[in-house]
Structures are given as structure tokens and as C-alpha cells.
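# Descriptive analysis of the structure
Below are the chains, spelled out letter by letter.
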Amino acid sequence: MKVTLKVWRQSGPDAEGAFETFTDVPVDPAMSFLEMLDTVNVQLEAEGKEPVVFDHDCREGICGACGAVVNGLAHGPGKRSTLCQLHLRSFNDGDEITVEPWRASAFPVVRDLMVDRSSFDRIIQAGGYVSVRTGSAPDGNAMPIGKPVADRAMEAATCIGCGACVAACPNASAMLFTSAKVSHLGLVPQGQAERDSRVLGMVDQMDAEGFGGCTNHRECEAACPKGIGVEYIAQLNRDLVRANLGSAAK
Amino acid sequence: MNAPRTPLNLDSKAPDGPIETAWDRHRQAIRLVNPANKRKYTVIVVGTGLAGASASATLAQLGYNVEAFCFQDSPRRAHSIAAQGGINAAKNYQNDGDSVYRLFYDTVKGGDFRAREQNVYRLAQVSVDIIDQCVAQGVPFARDYGGMLANRSFGGALVSRTFYARGQTGQQLLLGAYSALSEQIAKGKVKMHTRTEMLEVVVVDGKAKGIVVRDLRTGAVRSHAADAVVLATGGYGNVFYFATNAKGCNVTAAWRAYKKGAGFANPCFTQIHPTCIPFMGEHQSKLTLMSESLRNDGRVWVPKKQGDTRPPSQIPDAERDYYLERIYPTFGNLVPRDVASRAAKRMVDEGKTVVPGGMGVYLDFRDAIARLGRDAVADRYGNLFEMYERITGDSPFETPMKIYPASHYTMGGLWVDYNLMTTVPGLYAVGEANFSDHGANRLGASALMQGLADGYFVLPYTIGDFLAGEKAGFDDTSHAAFKDAEKAVAQRTDTLMSLSGTKSADHFHRELGHLMWEHCGMARTKEGLEAALPKVADLKERFWAEVNVPGSGDTLNQALERAGRVADFIEFGEVMVRDALTREESCGAHFREEFQTADNEARRDDENFQHGAIWAYEGEGVAPSRHIEPLEFRYVKPSQRSYK
Amino acid sequence: MNSVTTIVHSSVGKKVLMGVTGLIMVGWLTIHMAGHLIMFSGQDAYNNYAHFIQSGFGLEPALLWGMRLFMLAAIGGHIWAAVALTQQNAAARPVAYAAGRQNRVTTYPARLMRIGGMFLLLYLIFHLAHLTAGVLSGSEFAMGGKPWVKEDAYANMIHGLSNPVIGVVYLLATVALGAHLRHGVWSAFHTLGLSDPRWDAIKSGLGNLVPVAIVGGFVVVVLAAMGGVFAPPDPAWHPPAHWLH
């Protein structure tokens, strides 16, 4: 089978970008999307042309490095899938496939399909942790955590930080990403001591990075490779209000 | 073999005396840095996986300044994140007879008596602290209904000591370490350098005092000076090209350290993981692992008849060979990885493959679904089943999984002493990058344990012993050693850029991988290894003549990154083959066909090979020298491993 | 940071403000709609109800102005937050997807919140001018040529909806309101943090029920007025003398 690829090429953060078209790219239905880009790149390199730049690493859908908007959909048409787990069997012979990078002011383009997601790291640095000195922890079973709570915390903690939620959001909002970490640590007893300062700090940083606000379209949830739900956004909202009422009361 | 130019200092510094108190006595004996002086020292940590992130965070908590580096866009993406199954710890929460001693025993035995006993005992000791630490960070380990931590069993053990977070244990542990690292970054104690690749270790007056890096965004080459350097740069499984490692995993950092005098230990000890999705075609870029935990409930089988092409549902039980249960009745489907892998290979070699024209065996959940119900099976393995279906298009609920062994983990690595220091003073190696704890074969769920043990609980103490003897605050990047290293990096880049061949670096990597798998893979022979040596040399020659790296060196250039890593893999491949060739025995994952028992198990030669083999760089175009660290087994007496 | 500055400052705070002001308006709309149903009880009953409101709920006329200012503040806050968030959202993606972004799950009501909100604001101004302030008193088009009489709200309503064009405008506004509430009510609960699965039924139940009830109530009244279901207003109707005190 053959497809036509329109891939966004941009030589640097401040350069003008444009689509480059690769016609009649031979592909195998069992190939992953990134393997198709590999094929294009091997050809380009052999011709002495610069390969298409894209982030990728584990190719198992867990590292969160890969991602691009394929035919208008973050990570492409797959369900609960990263780009590396999207296979060409999701397309038809002769399809034209458009590929462009995540678009958000907080994710500036580095080159071609590669974007800078360090804003996510800074959101975590603003409070997405439990301050615990190595060696000072009590026994792991000292604090029982009911299975339902542990399971819900785990759901939230499965976030891979790929940025698809931002890419798919009409407002380029990072609420799903931020709320997943706020909720994961807010649900478990270990996270309680810093619960208020965490949500205040992380929401502050999220806004400072230039992400948009949430208007409850739920596009993030639909694009999330881990299926993290918007109920965690509600929990972030509640925690933020709680933290404010708490600080106002003091 | 050449006479070594400079003898390596292979003093393991492992304490003598009772093993139970060895670590305590060692900590008592080594030097400490005054708390007020710690902030005057800077430590470079390369790599932000489990070992690197936990070491960086802990060193910063202690007061040291840390400069951390990773080639990924974020420290959260290191390949530790892909570990699925779990992490071992001798908590004995299940009350099933586990203990520190038993974990120690299982690990030494599982490693086929090729690891240092004192290191392994320490690993088992701190394993319990790791779980406590991770729980306190908020890692959402699986729990039972009473709210207590849950465990499962894993290959090579008769107790349930594996802690897990669904099939994403590595992810959760890494995110725990990453959050601890993030806290220290926010506090300014760790300076994080992302998208930065280490290309040289800088040795000043015989001690590691810094690194030279390339900023992958801009192509800029920079020097960073420090009082000590820690490599947490992972394993070299991608030497086989088709491996379960992430695409970015590479040997470059370790290789550059080797060329600066760090001994490389047991490079031929590469683990082949038994349960990966089989190779399906040349279009593939990697192989995907399916957690070993699947063997808890899945049954491995092949048709009894050769060349049986019936679909699995039409093969009655009487015509199926559940070969692991048949050959190893005690451990059954839970035999260690090397044993399971070789058994699969034997079945396929006998013509009983289940992948037409290829290689594979079945891992069947039919009986588990009948016994436990579909929901319970989905609860345990749902995300793994989904992953399998996404890649292959088949649902393991409906039809057995097809699996086959693939390169997964490397027990070999930079030689380190009990303090985790390499043969270069001031240069440390932690996690998969070192060779220390797994011997010739690693047990399941022990990689995460070792990475975090090194990073949280061992290195942060032992590094003080070296730093206490150093004048704090080395920052002279204008030193000739830095300039020379920068020049070497620039020269290498220029050479790669100047080549105008017609092939991509990936092309050579695939060729190397094929060669290594063929000659130095799951089963090795003297003839095969001897034939491989000139082939690797030829490949190296062709690479430097025929590769084409487009673009330029002073900008973001992924083709250049790939080419540099492939070049190092080719050079490394030679040492790996030499190691496999000289180790004339079978042990753990290293299987020389000439050395096997009557029932096809590995036959060790303890008289001649009860040692670690350490390779030292002797210069360009000169064969490396081989050194040995003899191993002593005072507690676990070497025996023929039996899992029957 | 205290709670007021957080609301002004953070995107989530602005969303909370939108949710709270939105729910205030929903509460008011519910009462307003229920009041309209009194039309079915005839001229006296409806005018009595209108007078009860106009007289400051039978207590103090100033209360009516207090109520109006409160509602104005709610509307103002709602609009301010909407504008501020819209600006933030536009700035968050300055470069649009060249090939367009496809939606997977979002609904038309959600996508039409901004344009629908603006339409509702225009409608509100018209509605207040038309029936609350009587600006169009005597207009052939808007009042069937009849005068607007403050105390005779029943007659105002019937005359005001005697032109089918005006009736259709009211129906359209009602549909727009329904769409706005369809997304808005659920969103408000969500923004205010009802995340627990226990609340899911209530959240989606109210999210569906409230718009249906409010729109249903209004549509029934408008259609009844347009279809001549209500008895024609008695031209001789006069407010009781004690109202004039």
C-alpha cells in the first residue's frame, strides 16, 4: 500500500514552516506510524537530505516522547494510542496524511515535528511532588490505603506527559496534565501535607506558562493515550477552591 | 592477547567478615564529608533514569550541587519508564518465608554465580528501604482490599516479593524519582540539562573531573567541570538493533568512559527476555516486551507436531506440548528468563514455531480465563493485552499470544567496586550502566530494585569517601584536558559530517544487530564468534566509508546523533564478541553451545571462569586487554542451577 | 494569595467565577420560568405575581433594585470572566493548525458557548427593553400597537408576543438558552469541583434536567401566547387601589 504524506518542516524555532509532500510512500499495514517516518528518513539520509525531526524513544506508548497531529487529531485516529502505537492498518491505500507538530504557545516548535515541552517539567517543579528525604520514610505498610483510592490515584498517575491533551484542546489548556498530578498526590494520604500549596503552585505555574483555560470540551480526555478522565480536572478545581478558602481562613 | 599497558586497579573494596554486617561496617569505615562542606562540591550525573534521578535527588538533599544531564527532552522519559512487571523487595509481607537472605540467595543463584556476594547482599538489604521510600513519595503501588501493599510472584523465585503498579511499575517508580528530582531542581540544588548528550569524560590528573557534551538543540559543544562524575546511562541492549530498549538507548557514554580508562566488565552478559512480541518483518524498528508477569497465569506451549499450521484453537490439548511445565515441573512457566528463552529457541529450532516462516511460541490464557474469569484476568493484565492487540491486531482473550525472546537487559557494564566507582577515580557508574549485582543473568523485577538501590541508598554515601579526599569546587574547564576532549568531539563530528556515502547510519545499525544476534546472541559457538570478529571489523571500515550524515554539525541533527551512537556500538560489538569468545563456559545468559549439560542446560566452568572479565582500552587499532576479578562464594555455594 | 486575587488571577479562579455567576442566573431563571407559568392562571393571578416582584417581594421596593444590581453583577462577572478567558485561550495557541484541528467528542452546545452567550446578551437587552422597561410601548411591530402598562404584565406579554416574528425571536432565544445551559450547568458543577463518582448522576441529571425544564417552561408560555391559548387580556383591568400606595 502507498500513502501521500504532508509533513510540517520548520528549520528552527523562529523559522517559517511549510508542508513538504512525499508522494507514494510505500508502507506496510503492520508498520507503525513512526516506522513510516523512519522509512522516509532513511531515504532522505541516503539522498543526503535532512531527515524529518521528531521526538520518540520507547515506541511502546509509555515514555511520552512522541506525538504529532495527524489529519487534525493528536496522536492520529487511534483510540487511547500514542503516535508510536498507531499502525498503518488504520489508513487506506492512497490516503493523504497530514502531519504537524503540537501547537501551543507553551510548546514552541524546536524543529519540524519536535516541540519544547519543558513547561510541563516546570509545572511539576512547582509542586508535583511529596517532599520526603531519602531514608526518612516509615514502613510501606504503616499507612493503609484502601484499594479504591489507590486505584484512582493510579489512574491519575498513569499520565505520560506527552502533551496530547494540550494539542487536542481547543484552548491549548494543560488542565488535564496538571490535574492528573494534583489528583494523584491529592488522593493518597502521603500527599496531604502539601496538598494546598501544591495545587496553588502548580496552577500558578500552568497559567504563567501561557496555557489556555478549560472550557470542558473533553477533547483532552478523548485524546489521552492513557484515558485519564476529566473528573480529575473537577478535583483540581475543588482543591484549588479549598486551598483558597483555607488560606483565606488563616 | 596483548599485555596490558597499565594494570587496572580491580580492588573491589568489598568488606570481609560476616556478610550480614558488611554494609554497616563499610559505612562506618568510609570517610564522610562535613555537612557544611557538602555545598562546596559539585557532582555531575549523566542520565535521569531510576538510578540517575534518584542519585541526583538524594545527593542534592544531602547538600551537594548536582549538574544532571539527559539526552531526552525531559528527565521523565528515561527508559526505566518502560519497565512493566515490578520491583523485588525482601519485605516478607506475604509471610511466605521471604527474607533478606533468601533474596540474596535467589539473586546470586539466578545470576549463575557470577556476581560479587557482598554487593548482592547489600542490594537485598536496602530493597526494603526502597519500597518505604517510594510509598512515601506517593507511588501508587497495587494494594489489597485491606489497604496493604500487594505482591506477585516472578520468575526464578518461590516467594511473592514483587511489588507492582499495574503493568507500569517502572513508570511509577521513575515518576517518583523524577518528582524528587523536580523538587531539587525547583530548590536550585540540581541544575538540569535536557537534550544534552555526553560525548567525553574528562580526566584531570588521573581523576574524572568533568564531561564534554553536545547541546542537541544547537549543536554547541560545552565542557562541564565537577568534583566527581556519575554515569547512569543504562545498558547496551540496542547493540542487537532489534531489542526491547528505547530507540535512544546507547552505549556511547559508557564507551567513552571505557576509552578514558574505565574497565568494561562482562560485556557478553546480555539478557534475552523470553516474552516479547515476535519479529514480524523488516519494517519493524524495535521489539516490544510483554511483561514477564504474564507467565504467572499464561501457559507456554507449542504444537507437538513439527510444521503444524492449524490455528491454536484447533489443536487439542493432547497435541500441545506445554514444554516448560513438562521439563521443569517445580518452576513450570516461572523458570528464570535465560532458561525460558533457551527452551523457546530449542522448540523453534526443532521446527515447532507458531509463526509461519518465523520464530515464536504461544503464551496461552485460555485456562486462566476459565479458572479466574475474564474480568479477573483483565484486571491483572488488561493493559498488556491491549498493548498486544494494538501492535498485532489479535486479542489475547480470543487467541493465545505469540511470543519470542528478544534482547532486553545487559548485566555487563562498567566495572565498579563496592563503592560503585569505576577503575577511573572519581568516575562512578550506577544502575544498568554498571555490572555489579546480577552476575550472568538478572531475575525479573530486580532491575528496578538495583537502579534505585544504587541511586537512593548506596552511591550518595559511598561517593563521600572519594569527595572527602578531594579539594572542593573544581571548575577549571580551561584545563588542557577539557580542551583536548572538546577538540576530540569536534573532530569526530567533522569527520562524520565530511563523509559522503550513500547509506544511513540506521542501515549499519541493522547490519550490526543482525550480525551480533546471529553470532553473539542467545546461543554462541567458538566458530561463530571467531567468524564475527572480522565481520565487525569490516562493518566498522564500511561505516566510516559509506555512511552519509546530512545537515550540519552546529545545529539540531538527529542523523548525526544516530551516526555517533552507531559508530560506538560497532566498536563495542567487537569487545562483546571477544568477551563471549574468551569465556569458554556457559553461565546464565551466556550460552556457549559447546558447554552444555546432557539436558541442554548451561554448564559452568567454575575452576577457570569464576570471575568477572574486565576489558581495558589499549588504544585505537589495538586489541583490548582482559583482566579478571576473581569471585568468592562464601555463603551461596556454587551448584548446578536446577529449576526442575 | 487570598481567594479574591486567585479568582482574578488564575484561569481556574475565573472559571469558578463563571460557574458561580452562571448558577446564580440559573436559579433566577428557574424562578422566572416558574413565574411565567402563572400566566395559565389568568390575568389577576399573573399581575399579582408581577406586583409581588415589583414591590420588592411584598417587603420593600428597594429590595427589587438590590436584586437587580445583584443580577447585573452576576451577569457582569460572567461576561468579564468569559472575555478574560477567551483572550487567554486565544493567546495560548497563536499559531493555528495549518490543516485544521478535528474534534473527537465535543458537542455543538459546547462549541457555541461564546457566540450563543453573545446572542443571549443581545436578547436580554431587547427583552428588558421590550417587557420590563416598556421602551417599545405602542409599537405596532413589537406591542401590537398597544401601550405598555407597568402593572398589567399579563397584557404586556400577550401584546408583546402578538407578532409571530417577535414570538420566533423569543423561541430562538429560548433554544439558544437551552443550548447554553446544556453545556453550562454541567460545566459549572464540574468547575466547582463535583468530581466524585457519587456526584456523577446528580451532575449529569441536573445538567440535562435544568435546561429541559427551563426551556420547556418558557417555550410552553411563548407558544401559548402565540397560539391564543391565554384568555385575551381584559382591557378594563385596573390595578387594585392599594398597589398605588
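Residues numbered from 1 in each chain as written. Chains lettered and ligands numbered in written order. Predicted model: local features only at pLDDT ≥ 70, side-chain atom pairs only at ≥ 80, totals over all residues. Heavy atoms only, no water.

### Topic: the overall build of chain A
Stated precisely, the cut-off is as follows: Strands are runs of DSSP state E lasting at least 2 residues, helices are runs of H or I lasting at least 4, and numbering of each runs from the N terminus. Between buried and exposed lies partly exposed: a residue is buried under 20% and exposed over 50% of the maximum accessible area for its type, with that area taken using a 1.4 Å probe on protein chains only. Whether two residues are in contact is decided by their heavy atoms, any of which lying within 4.5 Å being enough. Each accessible area is a Shrake-Rupley result for a 1.4 Å probe, and residues are judged covered by the shown protein chains and nothing else.
Helices and strands together make up the secondary structure of chain A, namely eight helices and seven strands. Scored against the burial criterion, the 250 residues of chain A give a buried share of 66%. When contacts within chain A are restricted to residue pairs at least 6 apart in sequence, long-range pairs at least 24 apart make up 69% of them. As displayed, chain A offers around 7800 Å² of accessible surface, 50% of which is attributable to carbon and sulfur atoms.

### Things to note about the pairing of strand β7 (residues 196-204) of chain B
Residue and element names in this part refer to chain B. Operational definition: Criterion used throughout: strands pair if DSSP finds at least two bridges between them.
The element β7 is largely enclosed, with a buried count of eight among its nine residues. Alignment of β7 against strand β8 (residues 207-215), held across eight bridges, turns out to be antiparallel. Within β8, the position partnered with E197 by the bridge is R214. Counting the residues that bridge the hairpin from β7 to β8 gives two residues, and of these D205 lies at a positive phi of roughly 50 degrees.

### Considerations on the packing of aromatic side chains
Our working rule: Note on ring pairs: Phe, Tyr and Trp rings are taken, using the six-membered ring of Trp, and paired if centres are within 6.5 Å. Classes follow the plane angle, with under 30 degrees stacked, over 60 edge-to-face and the rest tilted. As a reminder, the over-ring test applies to NZ of lysine and CZ of arginine, requiring each to be within 6 Å of the ring centre and within 35 degrees of the ring normal.
The tally for this structure, following the rule as stated, stands at 44 aromatic pairs over all chains. An angle of 90 degrees between the planes, with centres 5.1 Å apart, marks the rings of Y241 of chain B and F242 of chain B as edge-to-face. Of the two residues, Y241 of chain B and F242 of chain B, neither departs from the other in class, the shared state being buried. An aromatic cluster is present here, built from Y236, W255, Y258, F264, F572 and Y617 of chain B joined pairwise through their rings. The ring of F19 of chain A carries the charged tip of K6 of chain A above its face, separated from the ring centre by 5.2 Å. Of note, R442 of chain B hangs over the ring of Y409 of chain B, and the distance from its end group to the ring centre comes to 4.1 Å.

### Here we look at the interface of chain A and chain B
Accessible area lost when the parts come together is the quantity often used to give the size of an interface. As a reminder of what qualifies: What gets called buried area is simply the loss in accessible area from a 1.4 Å probe that two parts show on being joined, summed for both. Whenever Lys or Arg places a side-chain nitrogen within 4 Å of a carboxyl oxygen from Asp or Glu, that contact is recorded as a salt bridge. In protein, a polar contact requires one atom able to donate a hydrogen and another able to accept it; more generally it is a pair of N or O atoms within 3.5 Å, and residues adjacent in sequence count only if both atoms are side-chain atoms. Basically, the charged four are Asp, Glu, Lys and Arg, the nonpolar ten are Ala, Val, Leu, Ile, Met, Phe, Trp, Tyr, Cys and Pro, and anything else, Gly included, counts as polar.
With 77 residues of chain A in contact, the opposing surface of chain B contributes 78 residues. Buried surface at the junction of chain A and chain B, summed over both partners, amounts to about 6200 Å²; 49% is from carbon and sulfur atoms. Inspection of the region where chain A meets chain B yields six salt bridges. The partner of E45 of chain A in a salt bridge is R562 of chain B, and the shortest N-O contact between them spans 2.9 Å. Viewed at the interface, chain B and chain A are joined by 41 residue pairs in polar contact (both at pLDDT 80 or more). For the side of chain A that touches chain B, the secondary-structure elements that each account for two or more residues are α1 (33-46), β6 (109-111), β7 (114-115), α2 (118-125), α3 (147-157) and α5 (175-187) of chain A. Broken down by element, the side of chain A that touches chain B gets its largest block of residues, seven residues, from α3 of chain A. In the side of chain A that touches chain B, the residues fall into 34 nonpolar, 20 polar and 23 charged.

### Description of the pattern of salt bridges
Residues and elements named next belong to chain B. This model, assessed by the stated rule, comprises 74 salt bridges over all chains. One salt bridge in this structure joins D215 and R217, with 3.6 Å as the shortest N-O distance. As a salt-bridge pair, R295 and E292 come within 2.6 Å of each other at their nearest N and O atoms. Assigned by exposure class, R295 and E292 land together as buried. Salt bridges sharing partners connect three or more residues here, namely R299, D317, R320, E325, D364, R366 and D367.

### Re the sheet that holds strand β16 (residues 401-410) of chain B
All names here are of chain B. Read from one edge to the other, the open sheet built from five strands follows the order β12-β16-β15-β13-β14, with strand pairing classed as antiparallel. Two strands bound the open sheet, and with one partner strand each, they are β12 (270-276) and β14 (320-321). By the bridge criterion, three bridges tie strand β15 (residues 361-364) to β16 in an arrangement that is antiparallel. Each bridged residue has a counterpart across the sheet, and for Y362 the counterpart in β16 is K402.

### Comments concerning the environment of P232 of chain C
Structurally, P232 of chain C is set in the segment after α10 (197-226). Remark: the alpha-carbon pair of P232 of chain C and G42 of chain C, spanning 190 residues in sequence, is separated by 9.4 Å.

### Remarks on the domain arrangement of chain A
Residues and elements named next belong to chain A. For the record, the criterion: Domain start and end points were adopted from an automatic or database domain assignment.
Per the domain assignment, the segments of chain A are domain 1 (2-100) and domain 2 (118-249). Taking only C-alpha atoms into account, the centre of domain 1 sits 31 Å from that of domain 2. Contact between domain 1 and domain 2 buries roughly 740 Å² in total, counting both sides, with carbon and sulfur atoms accounting for 58%. Taken together, domain 1 and domain 2 are joined by zero salt bridges. At the junction of domain 1 with domain 2, the criterion picks out two residue pairs in polar contact (both at pLDDT 80 or more). Looking at side-chain class alone, the side of domain 1 that touches domain 2 contains five nonpolar, five polar and one charged residues.

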